[in-house]
Amino acid sequence: MENQLAKSIEERTFQYQDSLPPLPVPSLEESLKKYLESVKPFANEEEYKKTEEIVQKFQNGVGEKLHQKLLERAKGKRNWLEEWWLNVAYLDVRVPSQLNVNFVGPSPHFEHYWPAREGTQLERGSVILWHNLNYWQLLRSEKLPVHKSGNTPLDMNQFRMLFSTCKIPGVARDSIMNYFRTESEGHCPTHIAVLCRGRAFVFDVLHEGSLITPPELLRQLTYIHKKCCSEPAGPGIAALTSEERTRWAKAREYLIGLDPKNLTLLEKIQTSLFVYSIEDTSPHVTPEDFSQVFEMLLAGDPAVRWGDKSYNLISFANGVFGCCCDHAPYDAMVMVNIAHYVDERVLETEGRWKGSEKVREIPLPEELAFTVDEKILSDIYQAKAQHLKGASDLQITARAFTAFGKKLTKKEALHPDTFIQLALQLAYYRLHGRPGCCYETAMTRYFYHGRTETVRSCTVEAVRWCQSMQDPSTSLLERQQKMLQAFAKHNKMMKDCSNGKGFDRHLLGLLLVAKEEGLPVPELFEDPLFSRSGGGGNFVLSTSLVGYLRIQGVVVPMVHDGYGFFYHIRDDRFVMACSAWRSCPETDSEKLVQMIFHAFHDMIQLMNTAHL
């Protein structure tokens, strides 16, 4: 009886989904007031006055009408933004998504039991695969704990998108196929796909109803690896997923037309739990410097990554691991969660398999042999060339700042996330001599299917503080006061955005209503200050806190003259990964990271000297 009771009160991963509140529509007046504040750092008096007039006109005219239409839409949908956001942010985008949209991150095991060592790739691979599959089973049986903020459950829907999910290219718009089912919902795919040297294989991870063990996984991986090393490389169909979206869609249609069997093979990859990529390269990596592993994760061999899969688990020849994930179906926190889970298991087991070495009679992996012709081979060649050209333009600096971390900022009563955001503002200001419009991700998972909102970290308060830091006539006390004002402002914005009171997604909604109604684009969105302040995806700094665990990630910059900046926070260090384009003469990720390190010291010094 007791057992029964314990079972029935156990929370299930998705049990609160139906009781989550709908995504709210903020007040038009509030959103426009916040928007005006956010453009101030980028305008002179005359420009600001003009924008103020445009906003006033919008508020009293077409804006009010669009807002009413948006409220109507919200009545009929529990998340008025969901479908729009997916399309505008991801599925309508035509640039190659593998390099420009996907996010990547190294697994942190090299910091403890698995330092880089040649000859460990397959054995470690079998262990890491097994831990990933255990996580999949937890999710299937809904035993993954519900994320909460205090006692409030957060939306868990994105976790459904981690496994057996794939983006399918379309000529004008892509789509997402999700084949994951919980145990109570019914059948779910049970195979993984393995890519090695331009070839593709699949095998089932269940045998006689139970997960295959690391020794059994090792047998499958060894079979694939040996075969690929002793025979010619395959055509590398996967490289097509790194192509511009419309070109890939057309190549895919042609491939299916060539032989209907090709569709069956593509579907085996699409439905697979995830893709396991076997790389031949060995990135250099230390706990203080992750730069090279990041570059190889984003810019590695496109023939061993399926860029459209929600999860590619990548293994390098020196036993270092990482992931490359399509950003459309979910945000990085899902990956952070599984990566942390796996890392904890590797720590617990000292990186080894301690169970039975017995290997059952399991069917060997099946090779997916595509029918190709000269045209497809030429498409693959072109896809590889364009990917490697784009990838070679990417500069990534990923370093750990080890002088102090969260402990010290907390002691000074400074929020560690805000601390890094303001250090970034100061570093950018010093490096470029002007404020940098900045996007920081805020999470809206309090709401049904909530994903993100934009926190615009470059505030009037932050700029005033940056100016005071560069002005020798400003006293320490005044600098400290200005810094604390900038902190307070940022903390309030983050809270507002998480609670559904941000304005960026609201403005996007109003613009999309206008488009759907066939109305002209309102003047507000054509105003130069709209894009100069970051609107329309023009943020010079694209940033995100990856969390407080050992997990790190990165994306490419949003704009050519910008930076991508991901960071995570630990008690004793801050770890950051910064990307820039080499072809932009103005940006240099190495210099920016150095500047941020200086800013950290200056900020802590400011707190200490102002105490005296």
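Residues numbered from 1 in each chain as written. Predicted model: local features only at pLDDT ≥ 70, side-chain atom pairs only at ≥ 80, totals over all residues. Heavy atoms only, no water.

Under an unreviewed UniProt entry, the protein chain has the name Peroxisomal carnitine O-octanoyltransferase and belongs to Peromyscus maniculatus bairdii. Check the Sequence similarities (unreviewed entry) section of the UniProt entry for the protein chain; it says "Belongs to the carnitine/choline acetyltransferase family." The annotation that UniProt attaches to the protein chain under Subcellular location (unreviewed entry) is "Peroxisome". (UniProt positions renumbered as here; feature names shortened; annotations may be inferred.)

As a further point, take the packing of aromatic side chains. Counted under the stated rule, the structure contains 28 aromatic pairs. Taking 6.1 Å as the distance between ring centres and 50 degrees as the angle between the ring planes, the aromatic pair formed by Phe163 and Phe274 counts as tilted. Here Phe274 lies in the loop between α10 (260-271) and β10 (275-278) and Phe163 lies in the loop between β3 (152-153) and β4 (165-168), a separation of 111 residues in the sequence. Each member of the pair, Phe163 as well as Phe274, carries the same accessibility label: buried. Judged by centre distance (5.1 Å) and plane angle (55 degrees), the rings of Phe401 and Phe597 are tilted. Of the two residues, Phe401 is situated in strand β14 (residues 394-401) and Phe597 in helix α21 (residues 589-611); the sequence distance between them amounts to 196 residues. Taken individually, Phe401 and Phe597 each receive the classification buried, so the pair is uniform in this respect. Chaining the aromatic ring pairs together yields one cluster made of Phe401, Phe404, Phe419, Phe574, Phe597 and Phe600. Positioned above the aromatic ring of Tyr448, the side-chain terminus of Arg78 is 3.7 Å from the ring centre. (Phe/Tyr/Trp six-rings, centres within 6.5 Å; stacked < 30°, edge-to-face > 60°. Helix = DSSP H or I, 4+ residues; strand = E, 2+ residues; numbered from the N terminus. Buried < 20%, exposed > 50% of the residue type's maximum accessible area, 1.4 Å probe, protein only. Lys NZ or Arg CZ within 6 Å of the ring centre and 35° of its normal.)

The end-to-end C-alpha distance of helix α3 (residues 45-60) is 23 Å, a good match for the 22 Å that 16 residues give at a rise of 1.5 Å each. Among the structural elements, α2 (28-39), α4 (62-76), α18 (504-516), α19 (523-526) and α20 (528-532) are those in contact with the buried residues of α3. Sitting at the head of α3, Asn44 places a side-chain oxygen 3.2 Å from the backbone nitrogen of Glu46. (Expected span 1.5 Å × (residues − 1). Contact = heavy atoms within 4.5 Å. Polar contact = N/O pair within 3.5 Å; in protein donor to acceptor, adjacent residues only side chain to side chain.)

Residues Phe419, Trp465, Leu507, Phe574, Met576, Ile596 and Phe600 are the most contacted members of the largest nonpolar core, which totals 80 residues. Here the element with the most residues in this core is α21; it accounts for 10 residues. Beyond its immediate sequence surroundings of up to four residues, Leu507 is in contact with Leu32, Tyr35, Leu524, Phe525 and Phe530. Grouped together as the second largest cluster of nonpolar side chains are 55 residues, Tyr135, Val205, Leu273 and Ile278 included. (Core = buried A, V, L, I, M, F, W, Y, C linked by side-chain atoms within 4.5 Å.)

It is at 9 Å that the axes of α4 and α18 come closest, and there the two elements cross at 95 degrees. Classified by the interaxial angle, the pair formed by α4 and α18 is roughly perpendicular. In this structure, α4 contributes Gly63, Leu66, His67, Lys69, Leu70 and Arg73 to the contact, and α18 contributes His506, Gly509, Leu510, Val513, Ala514 and Glu516. For the contact of α4 with α18, a count of residues per class yields 5 nonpolar, 4 polar and 3 charged. (Axes fitted to C-alpha atoms, helices over the stretch in contact; angles between N-to-C directions. Parallel < 35°, antiparallel > 145°, perpendicular 65-115°, else oblique. Nonpolar A, V, L, I, M, F, W, Y, C, P; charged D, E, K, R; others polar.)

Here the focus is the side chain of Asp496. Looking at the secondary structure, you find Asp496 in helix α17 (residues 476-498). Judged by relative accessible area, Asp496 falls into the buried class, the value being 16%. Once residues within four sequence positions are removed from consideration, Asp496 is found in contact with Lys34, Lys501 and Gly502.

Looking now at the sheet that holds strand β18 (residues 563-569). Spatially, β14-β19-β18-β17-β15-β16 is the arrangement adopted by the 6 strands of the open sheet, whose pairing is mixed. At either margin of the open sheet sits one strand with a lone partner, and together these are β14 and β16 (452-456). The mean inter-strand angle of the sheet, taken between neighbouring strand axes irrespective of direction, is 25 degrees. Inspection of the sheet shows β14 paired to strand β19 (residues 574-581) by 8 bridges, in the antiparallel sense. Its bridge partner being in β19, Ala398 is matched across the sheet by Ala577. (Pairing = 2+ DSSP bridges.)

Attention now moves to unusual backbone geometry. Non-glycine residue Glu142 carries a positive phi angle of around 55 degrees. Examined against the element boundaries, Glu142 turns out to sit in the loop between α7 (121-140) and β2 (148-149). The phi angle at His449 is positive, at roughly 55 degrees, despite the residue not being glycine. Relative to the helices and strands, His449 is located in the loop between β15 (438-443) and β16. Since its relative accessible area comes to 15%, His449 is described here as buried.

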